[in-house]
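Observations on the three-dimensional arrangement
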Amino acid sequence: MSVPAGAGAGRGSGWDRAADLERAPAEVPDPDSTEVPAELRASIEAAMARYPDTHSAAVPALHAAQELHGWCSPEAIEQVACVMRVTPAYLASVATFYDMLETSPAGRHSIYVCTNISCSLRGADALLSAIREAAEEDPEFNVRAFECLGACDIAPMASVDGTYVGPLSLEDIPRLLDDARVARPVLPDKQLATRRVADPTANSSEFPRHPPQEHRLQ
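Heads up: these notes are all about the structure in this document.

With that out of the way, let us pick up the environment of Leu 170. Residue position: Leu 170 is located in the loop between β4 (163-165) and α7 (173-181). Under the relative-accessibility criterion, Leu 170 is labelled partly exposed at 47%. In this structure, the C-alpha to C-alpha distance between Leu 170 and Ile 131, residues 39 residues apart in sequence, is 8.3 Å. Setting aside residues up to four positions removed in sequence, Leu 170 forms contacts with Ala 126, Leu 127 and Ala 130.

Listed below in structure tokens is the structure:
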């Protein structure tokens, strides 16, 4: 049975379609004819070196390609496949499974607004609508709801290019977008990573350690 190319196209499509037995078998891209940016190659090889089975590096390798290209385009997937010595189809199956890997063009700045119960009760839905409205004219922003980002203590919150910020108010939106546009630290006073903690050794060496806070029973 011959299946037309692109039939049933969509995110994660293919499970309900018969295999096309007339198609040529998938091949690993030829390294002699596939150009891979040096920085991307270095990132992929560093990720592969961390795992006994190099297939485990698929997600960080695709993430590195997305950082460079803005999304997991067919060209980006082919470049990753070339370095990892796997087929593009294998990587496409990974990319369509993980929600934070984009398989269609998206803005370079990702803003994921948590809309799960804690954030929703504290105004996340209004926050999401306001951020979408403020960023809708700028194609560099990819704004969407996220089921849960696991930071209920700073609700309502969002992830901006991987940086957790909160609690957010509507007044924070212009500064948040401006910081992302010019590559400044986003809302540094509201970043989860720099919040004071009870354990002075809890923060990584990337951030200053804090003195322990005193906790008194009232």
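Counting buried residues along helix α3 (residues 74-84), 8 of its 11 residues qualify, which places the element largely inside the surrounding structure. Among all positions in α3, only Ala 76, Ile 77, Gln 79, Val 80, Ala 81, Cys 82, Val 83 and Met 84 are buried. For α3, the elements touching its buried residues are α1 (38-48), α2 (58-69) and α4 (88-95). Arg 85 lies just past α3 and shows a positive phi near 60°.

Glancing now at the sheet that holds strand β3 (residues 158-160). Strands sit in the order β2-β1-β3-β4 across an open sheet of 4 strands; the sheet is mixed. Taken across any chain shown, the strands that pair with only one partner, and hence form the sheet edges, are β2 (141-146) and β4. Ignoring strand direction, the axes of neighbouring strands in this sheet form an average angle of 20°. Taken together, the 3 bridges between β3 and β4 define a ladder with antiparallel strand orientation.

Counted by the stated rule, this structure contains 7 salt bridges. Here Asp 99 makes a salt bridge to Arg 144, at a shortest N to O gap of 3.0 Å. Placement of Asp 99 in the loop between α4 and β1 (109-114) and of Arg 144 in strand β2 is noted, with a sequence separation of 45 residues between them. Residue classification places Asp 99 among the partly exposed residues on the basis of a relative accessible area of 41%. Ionic pairing is found between Asp 179 and Arg 175, a salt bridge with its closest N-O pair at 2.9 Å. Separated by 4 residues within a single helix, Asp 179 and Arg 175 lie in helix α7, roughly one turn from each other. Exposure remark for Asp 179: the relative accessible area of 0% places this residue in the buried category.

Calculation rules
- Residues numbered from 1 in each chain as written.
- Predicted model: local features only at pLDDT ≥ 70, side-chain atom pairs only at ≥ 80, totals over all residues.
- Heavy atoms only, no water.
- Helix = DSSP H or I, 4+ residues; strand = E, 2+ residues; numbered from the N terminus.
- Buried < 20%, exposed > 50% of the residue type's maximum accessible area, 1.4 Å probe, protein only.
- Contact = heavy atoms within 4.5 Å.
- Pairing = 2+ DSSP bridges.
- Axes fitted to C-alpha atoms, helices over the stretch in contact; angles between N-to-C directions.
- Salt bridge = Lys/Arg side-chain N within 4 Å of Asp/Glu carboxyl O.

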